[in-house]
Structures are given as C-alpha cells and as structure tokens.
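So you can see what is in the structure, the chains are spelled out below.
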Amino acid sequence: MKLNKFILASSALLAMSSSIYASDPPTYKVSSTISMDSKAGVKSLVANSADRKLYAGSVDGLEIINMDSGDRIAKISSGSISSIAIAQDLNKGFATNSGDGSVTIFDLRSGKELQKVSGLGTGSSEIYYEPKSKKVFISNQSNGSLIILSASSGENLGSIKLGSKLRGISGDTRGSIYIADEKENMLHVFDVNSQKHKGSIPTWPATKPTASIMDDKERRIYVATASGRMIVLDPDIGQMIGYVPIGIGDGGIAAQFGANRFVRLFIPTTDGALTVVQNPKLSVSVESKNESLGIQSSAVAVDPKTGKVFVSGKTGILALSK
Amino acid sequence: MNFIKLKIIALSISILAGGVIAAEPPVAKNALQGKNILFIVGDSQKGVRNDDPLIKEYLESKGANVSFAKVDDSSSGSIGKDLIIISSTARARELGSKYKNVKIPVVTWNAYTFADMDMTGNMLHRDFSVVSEKKFHNSNHALFYAYATSETKPIIKAAGIPHGIFAPLTFSAGETDPSWGKPTLGGDVDVTFEGSDEKAGVFSYEKGSLMNNDFPAPARRVGLFLGDNTFTVLTDATGTAALDPKSNSWFAGRRIFDAAIRWAVSPVQQPAQRISMSQANAELSKSLKGKNILFVRRMDMPWPENESSDQAHMQWLKSLGINLKVVDHMEPDTQAEGMDLVIVSAAINKYKLGNKYSDAKVPVVLLEGKAVDSMNMVARSRNTHYGVNDHKASIYPAENYVTLVRPSHELSAGFPAGQFKMYKNPGVLAWTVPPAGAEVIASIPNQPQHATMFSYEKGAVMANDHIAPARRVLFPMDTTMFAEFTDEGRYLYGTTLAWAASKK
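Given the structure is predicted, the values throughout are model-derived calculations rather than measurements.

Draft legend 1. Broad picture of helix α2 (residues 52-61) of chain B. All names here are of chain B. Buried residues dominate α2, accounting for seven of its ten residues. Buried residues of α2: Asp52, Pro53, Leu54, Ile55, Lys56, Tyr58 and Leu59, and no others. Once α2 ends, the next one or two residues include Gly63, with phi positive near 100°.

Draft legend 2. Just the environment of A:Lys196, in detail. Residue and element names in this part refer to chain A. If you trace the backbone, Lys196 turns up in strand β17 (residues 196-202). Remark: the alpha-carbon pair of Lys196 and Ile65, spanning 131 residues in sequence, is separated by 37 Å. Lys196 has contacts with Val189, Phe190 and Asp191, leaving out every residue within four places of it along the chain.

Draft legend 3. Region of the structure containing the sheet that holds strand β20 (residues 229-234) of chain A. All names here are of chain A. Sheet architecture is open: four strands sit in the order β18-β19-β20-β21, paired in antiparallel fashion. Edge strands, defined here as strands with exactly one partner in the open sheet, are β18 (209-215) and β21 (239-245). Strand-to-strand twist of the sheet, defined as the mean angle between neighbouring strand axes without regard to direction, takes the value 25°. Examined bridge by bridge, strand β19 (residues 220-225) and β20 share four bridges and lie antiparallel to one another. Bridging from a neighbouring strand, Val223 pairs with Ile231 of β20.

Draft legend 4. A look at the domain arrangement of chain B. Residue and element names in this part refer to chain B. Annotation of chain B at the domain level lists domain 1 (30-265) and domain 2 (277-501). Domain 1 and domain 2 are separated by 34 Å when their C-alpha centres are compared. At the interface, 17 residues of domain 1 touch 25 residues of domain 2. Buried surface at the junction of domain 1 and domain 2, summed over both partners, amounts to about 1,400 Å²; 57% is from carbon and sulfur atoms. On the domain 1 side of the interface with domain 2, the three residues burying the most area are Thr152, Leu185 and Leu210, jointly 40% of the side's total. Summed over the shared surface of domain 1 and domain 2, the number is one salt bridge. For the side of domain 1 that touches domain 2, the residue count by class is three nonpolar, eight polar and six charged.

Draft legend 5. Representation of the pairing of strand β15 (residues 176-181) of chain A within the structure. All names here are of chain A. Counting buried residues along β15, six of its six residues qualify, which places the element largely inside the surrounding structure. Across four bridges, the pairing between strand β14 (residues 166-171) and β15 is antiparallel. From the neighbouring strand, Leu166 faces β15, where its bridge partner is Asp181. Taking the residues that link successive antiparallel strands as the turn, the β14-β15 hairpin has four residues, and the phi of Gly175 there is positive, at about 90°. Sheet topology places β15 next to strand β16 (residues 186-191); six bridges connect them, and they run antiparallel. Residue Ala180 lies in a different strand from β16, and its bridge partner there is Leu187. Here β15 folds back onto β16, and the loop between the two strands holds four residues, one of which, Asn185, carries a positive phi near 55°.

Draft legend 6. Inspection of the packing of aromatic side chains at higher detail. A full pass over the atoms with the stated rule returns 28 aromatic pairs over all chains. With a centroid separation of 6.1 Å and 70° between ring planes, the pair formed by A:Phe137 and A:Phe190 is classed as edge-to-face. Of this pair, A:Phe137 sits in strand β11 (residues 135-140) while A:Phe190 sits in strand β16, and the two are 53 residues apart along the sequence. Among the residues examined, A:Phe137 registers a relative accessible area of 0% and is labelled buried. Given a relative accessible area of 0%, A:Phe190 falls into the buried group. Judged by centre distance (5.1 Å) and plane angle (55°), the rings of B:Phe475 and B:Tyr493 are tilted. Residue B:Phe475 is found in the loop between β22 (472-474) and α13 (487-501), and its partner B:Tyr493 is found in helix α13; the two are separated by 18 residues along the sequence. In this structure B:Phe475 comes out as buried when scored by relative accessible area, which is 0%. Exposure remark for B:Tyr493: the relative accessible area of 0% places this residue in the buried category. A network of ring pairs unites the aromatic residues A:Trp204, B:Phe39, B:Tyr58, B:Phe68, B:Trp109, B:Phe231 and B:Phe257 as a single cluster. The ring of B:Phe215 carries the charged tip of B:Lys100 above its face, separated from the ring centre by 4.6 Å.

Draft legend 7. Here's a closer look at the sheet that holds strand β26 (residues 300-302) of chain A. All names here are of chain A. One open sheet holds the four strands; their spatial order is β1-β28-β27-β26, and the pairing between them is antiparallel. Sheet topology places β1 (29-34) and β26 at the edges, where each strand pairs with a single neighbour. The mean angle between the axes of side-by-side strands here comes to 30°, regardless of whether they run parallel or antiparallel.

Criteria and thresholds
- Residues numbered from 1 in each chain as written.
- Chains lettered and ligands numbered in written order.
- Predicted model: local features only at pLDDT ≥ 70, side-chain atom pairs only at ≥ 80, totals over all residues.
- Heavy atoms only, no water.
- Buried < 20%, exposed > 50% of the residue type's maximum accessible area, 1.4 Å probe, protein only.
- Helix = DSSP H or I, 4+ residues; strand = E, 2+ residues; numbered from the N terminus.
- Contact = heavy atoms within 4.5 Å.
- Pairing = 2+ DSSP bridges.
- Axes fitted to C-alpha atoms, helices over the stretch in contact; angles between N-to-C directions.
- Domains from an automatic or database assignment.
- Buried area = accessible area lost by both parts, 1.4 Å probe.
- Salt bridge = Lys/Arg side-chain N within 4 Å of Asp/Glu carboxyl O.
- Nonpolar A, V, L, I, M, F, W, Y, C, P; charged D, E, K, R; others polar.
- Phe/Tyr/Trp six-rings, centres within 6.5 Å; stacked < 30°, edge-to-face > 60°.
- Lys NZ or Arg CZ within 6 Å of the ring centre and 35° of its normal.

This is the structure in structure tokens:
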C-alpha cells in the first residue's frame, strides 16, 4: 500500500512491472566464431555434452562440429534442416528437413546418415526425442499435426492433429511433452505413452509461443514467444507464474542449470537480441539483454560443461561466454 | 434522526419505487464485456513486483475498458464507470474514504480501505490484516490454503467451485503478502483463511446491505485478499490439471478473483416489493394457501400463556389457507414426508425434540433459538455460538427490535435496512453466531456480532460442514411472542414461511 510516485503511462508501468529489469551492460561476449560451410545461417543448434559435439542445421544440411576446438567433424547434406534431436542412449541423431518432409537419422559416433524417413509432410518445425518411450515427435507448423516415429526403427507410428501452428517441444520425465502452438497461444500437453492429448495450457499474458524448455526438478516450463515476453509455467497446475520482457520475433531458448536451484536462460530472438534471464530461487528476472551481437535466428544451445552459449551469427556460430 | 438513518430512509424509498421480488440474477461469464473500470493504483513495495498492469491486461482480455488513476485524482473520475478497483499498491492513508460513498461497485484488495470504506471495523489484526511473509511466516504458509464457504454464496457460485479447502496461491512461486478482513453480518463471507470465518479472504456486500457502523453499501462491495504481486501467483488449473475435477477445483485462485469482479459488475438483487400492512394477510395467503405445513410443538403445555400463544399462532396459519398438521415433538420426523414445510415451534422441548428434522429433506423454519445446534444450523458452544436475550440473568436484555442487515434478500420482505420493530414489547430473542454458509437477515441492535434471523439455501454449508438438505431458517419467535407481533413483524414471519415453502 505504498504510493510514493504515480506513473500514468501504462506502458511504462507495464515495463516496470513485468520484472525487475536490469539495465546492466551485457554480460555475455563473443569468445570465438565457428565458421560454417553453409553461409546461409544456422537454423538449429544442439550441444551434446556427452560427445562434445555441436550439431548445426542450415538450409545446406547438417554440420557436426567439435564443441571444444570448433573444428568440423562431419557434414550430412540432407537438405534444409530445421531442427535436431539427439538420442544418446541409441547413438542416434534425428534431423528434420522442412523442405521435403523427411527426417534424417544419423549415427552419433560416425556422423553418417543411417536412414531417411520420408513422406512426413512439409512444414515440420521441431523434433524431440523422448527417451523413456524411445519415440521421436515432430511438430508441424503448417497443418498442426504431431508426427510420431519409433526412434529405434524409424517407423512412422502415426500422427495426431493437435492444433494450428505447432512449434517447439519440451518434455518431462513423467511421460508428458509440451508442444507450443504459435497460432492458438498455448502449449498442448501430450501423453507419450497413451499418445493422447491431455489438455492445453494458455501462454497468457504472452502470445505466439515458439520454443520451450523444461526444468523437470522444479516443475517449470520456460516458454520463449514471438510477442516480446518469456513465460514461466507450472506444468502441473498448468498456469503462468511469471514472465519477463525479451526481444521481439521468433524466440529460441536454452538453459543452464546450476547449483542451489539456479537456472539461467538464453533467449535469442529474430530481432537480433539475446536476452539472458535468471531464475534464482524461482523468482524470474532479466539478467542482461544484448542487441549488438548480430544474431541471425532463434537457434541457441548451451554447453553445460563450460557454460558456453552458441548462437547464430552473420559469419558463423558465435560462441559466447562471460 | 441522524444522517445515517436519513440515508436509510432515502434508500428505502428508492427500493420501494423499483421493488419486485426476484432471485439474484446469475453472473454471466462475459460480465466484464464492455464494462468501464477505474483502477486506483500506486507503487508496489520496494523490491516487490507490481501486478497492476498485468491485472489491467487481464481485465481488458475479458472485454473491459480499464483506466488507471492515482489516489489523489478526483473521485469525479469514477463518473460513468461501472466499477472501481482499488489495488493494494494505492496508498491508503492518502486515499482515505474517497470512494466510500460512490454508488458504483467497488472491489478492493487494499486491506486498509476495508476499514476506511466501512467494509470492516478499523482495528488492524482484529478486523483486517495484511499477512507479511517475514513477520508472519507460518501464517503466510497457512494462506496457501483457503476455504470456499458454500456453493450457495454468489461469488463461489460464479466461480463454479465446490465448498471446502483449495489452493488460491501457487506454492514456491515467490513471496506475496495476502490480506483478510472480517465483514459484518450484512456481508457474505465467500472464502476464508485458516478455517476462520473471521478471516475472510473474499467477502462481499449486496447493494443496501449494512456494513460496519450500520452503513448501507451504496453499491456492491467486494474485499479480496491480494497483495501487490499476488495476481501472478493465483492458481489457475489448465492443461492436464483442468481435466481432473479435483485438481481443477483445487487450483482455483484466479477463478475466484475473476468471479468476484464479474459479480461486482452484475445486476444487483432487487429487494422485494413492500406492501401495505392492510394487505398483508391477503398477500401471504396468495403464497401459502394450500401449502401442507407440519407444525411441531409440545402438546398441551402446562403454561396457559404459552399454550394460548401457540393456539393463536396455529389459528392464524389456518386463516391463511394452510393445511396445517400438528404433531407432538416426540413424534418421529417421518411426519415431515410429503410436507411443503416444517415449523418447529419454540414450544418444543429441545431435549425431547432431539435431532429430529435436522436432516429433513423439506424446508424447516425453526422458532426455538436454543435448538440451532441440534439442527446443525449453528456450532455447538452455548453462550458462544448461540444464546438468548431475555429478562432473566442474561447479559443481553430482553428485546423487541431487530436490525435488518440485508434488505435485498426476499426474507427482508421489502423492509429497509436498519432497526425494525418486530414485537410490541421486549421479550426473549435468540442470538446466534452462524457459520459463513448462512445468510443473515437480522442482527440485534447494539449486538452487531449476533444474528437473530438467518437462512440457508438448499445445499448451503451449515455448521460442522452439514449440508442443508432443503431451506432452513431461524426465525426468532419465542413461545409467547406470537401475540406480541407488530403487523410488520407478523408479515416478516409470514414472508419467511412463504419463502421457505416455495422451494424444497
């Protein structure tokens, strides 16, 4: 019940309220740039700490890079790669080709293509491997369907129409995956075992969810959106419990989990900004925002071992560190 | 005649002008569509997120037009608005009672304004409180759990949740400082904290109901429990949780908030039309003629005064065209089967009556104030939860006036709020402290904590979590008091019978 000073402009109030916004200078800087064969820009990034490899997808295919040295290890010319998933337990990787509607399955050790699953339809957005069910899920942003593959055999297990414009997928260890629906402003909850839709979680007060990441221990989902806000959701209750401002445009998200319940989130947006969000003691706030890195897409990955952050830059993959 | 009485009279005139009997209108899901809201805000406490802008967004997402205002803005800013909301962020000392008299609904979660607007008394931690995480750590944790008092309460009904415990706040989502208030008997307690009806997290007054200091609510008033940053962490089941009915009703914090705001802007319950007392019996007969009513009494009482009062009472009931069946209090309560109503006379002996008719599936009007506990209408502690005003050694003297606190209720029969001469001379009058599931119609002058006439709708939560199998009313008419009725008092009683018998 304090009113020391009143600010009439609602927009100003909005900015103040949504978080304790830090105006500190950016804390993450470019430590190195990894050159790519493709000059078209990276569309997807996955850092696999187990094999110290960085997987980068572009319109020219998939490049596999040594995460520590930056050297290229292998390349799979499999078309325009929109997303990548790693199944370490199966020694397999999966990459979607949004152009021809296929998924390329490759060997993690050799970096060689093992199989190509075709006929999945164009418009695939994100791919996610669920280790308990050993299934791969592919969201489709054109027809709102979720396609299910056997990770072991590559067999197409079918598809289910969930919504309108499906984007990023995250999952927990309890058999649920959460699929962002950019058009319907919600996350669809899907049971990987029964393969049934289990309801939807609105992303209000944000719209256009594009990517999400799960903190399974704390039961939080962090959702990047294209509406300038990142939302924190409790997946059990299914509700928003916090939000912060981020850049505008398609957002990607990657997380670094630390001791004492610490979480740091990296959210690049297609306006070129990188917003770093911290969530110590489950109280979310913006740590820094950098608009001068020249970020080219929403692709982002974090190396949990070194804390290095990888994003798409003008001349290759930017490795960022404090 | 003081200013407040003048206002009561003025209000009564306006009630009479427009009066028609009507049940409370339902609260529409889209009640906020097109509504103009003035939102009084300030700065949040240091280091605490300010949820006011998010609340504005939320209300706008429901179709409302929301304007911010500061505490020192003129109250003329409320002209043309449908609702005023006062946030906890507004500085209460500067706001004072600025919006106390506005004839526009007010929803406030600024606990100090509860007192300033006469929605509660003014003593901190007795009449209202703000529970600070650091100062009241254990209490704060207790506030993660709340209790919906009864499905029959308007806001709970609008929220669509069952009575009982639920979780209004998200656990482990950051600190927040909720509040509570203790409304008067003219208000409805919709949600409580810590299992105490005196710690209301959500409470409401219908327009015209008496608030603190017998101040009639100029329009609907709602008190909510939110702190500066509570809105964000109000629970709201969606996704998988929404598919499980128990999880769905457990995580209902935002639904309660939403229902409270919608109720505030919905059409008010209009008072019943007041009639001339010369037409009273004819009007009552219209409602009661042909009704089958069971009259439970002690047969052949040894006290002539009591016997003659009961006889006169029964004669009057028959004169209205009621089919009256009279039974002794020792008869089994199966006598109630097929009846439209049971009247339990104050001539019964509580000890002999036992708990008969407590679970009767037909409406019951209880006249014996001491039997409220055995009828599950009031909790069990005599002289704490119930007692009598009388000529004996009571600390509460005999009384013939009551205070009508809820004029919009049909049981108020169109009479205005304020003191009401029920009997010609002082006599025995029951006093009670009913639970929140009741709707108090009348208290006793200078005993604002004591209800003397109250009702339960069918399905309401009564004392000790008993559910009303049908309507229940306590009407304070002791054994010899029928002959003492004023014309108005007898009409109020007749209206009570008509209301109770109108719905099983």
